[in-house]
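# Summary of the model geometry
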Amino acid sequence: MKTEYLIQSEAELKDMYGTPIALVENKFTRDLVEEMLEFVEASPLMFIATMDASSGVDISPRGDAPGFVKVDDEGRLLIADRPGNKLIHSHKNIVRNQSVGLIFVVPNLTETLRVKGRAVLSRDPALLNELSVNGKPALLCTVVKPEQCWFHCGKAMVRSKVWNPEHWETYGDSPMVRQFLNVLGTPTKEARDAMEKEKEKNYRDELY
């Protein structure tokens, strides 16, 4: 990569891409408007971006039945935490830095919803019970106060054909399992089958 072709300023970017139309520039809102609330209610999947102690960015998925992210009377997003791998990267990041970014996805819709805001972590029992699934309260709740919200155009989804089943690949074993076994130094078929079985058991029995 030749250094003379690196972009060094916002002015260079503007020269390349030009100026957005007024409608696009004015699409940002501070709060979630009606159409955005409907999108959150329909979304079974969202991604949260946080910043670690060394200014590195982490992105983590969150998913459940559509509408799993709730919105309270003050317009704050309530994101329940469920059993996971206990690394809690996002939670540790939020304790250090409250700035977060969210992307909500709805299957078969090309647009996505983006939210920037400030997050805190709550273990209020009443709140965790409100976010219960299958009789099990949430472990923790990430509460996000939106500061900037907007719909993102769907060209990435269109180009990727992500919602078109005819373009989906069929995969055999899990790349994650293969990577774990390589770390452990036991990349045998027997070890792979055992770990795949344990993974499926975890997905089946330990979601909540």
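Look a little higher up for the structure.
Description of the structure in this document. (Residues numbered from 1 in each chain as written. Predicted model: local features only at pLDDT ≥ 70, side-chain atom pairs only at ≥ 80, totals over all residues. Heavy atoms only, no water.)

### Considerations on unusual backbone geometry
For Ser55, which is not glycine, the phi dihedral falls at a positive 70 degrees. Of note, Ile88 is a non-glycine position whose phi angle comes to about 45 degrees, a positive value. Look at Ile88 and you get partly exposed, because its relative accessible area is 43%. (Buried < 20%, exposed > 50% of the residue type's maximum accessible area, 1.4 Å probe, protein only.)

### Concerning a nonpolar patch on the surface
A cluster of nonpolar side chains, namely Leu45, Phe47, Val57, Ile59 and Ile103, defines an oily patch on the protein surface of about 420 Å² accessible area. Elements with a minimum of two residues in the nonpolar patch: strand E1 (45-51) and strand E2 (57-63). Summarising the element assignment, Val57 is placed in strand E2. The exposure class assigned to Val57 is exposed, which follows from its relative accessible area of 57%. (Patch = residues over 30% accessible without salt bridge, like charges linked within 9 Å, V, L, I, M, F, W, Y side chains within 5 Å. Areas by Shrake-Rupley, 256 points an atom, 1.4 Å probe, with all protein chains shown as cover. Salt bridge = Lys/Arg side-chain N within 4 Å of Asp/Glu carboxyl O. Helix = DSSP H or I, 4+ residues; strand = E, 2+ residues; numbered from the N terminus.)

### Structural notes on the pairing of strand E6 (residues 112-122)
Here six bridges tie strand E5 (residues 99-105) to E6, and the two strands are oriented antiparallel to one another. For Phe104, the partnering residue across the bridge sits in E6 and is Leu113. The antiparallel pairing of E5 with E6 creates a hairpin that spans six residues between the two strands, and Asn108 there sits at a positive phi of about 70 degrees. Taken together, the 11 bridges between E6 and strand E7 (residues 140-152) define a ladder with antiparallel strand orientation. (Pairing = 2+ DSSP bridges.)

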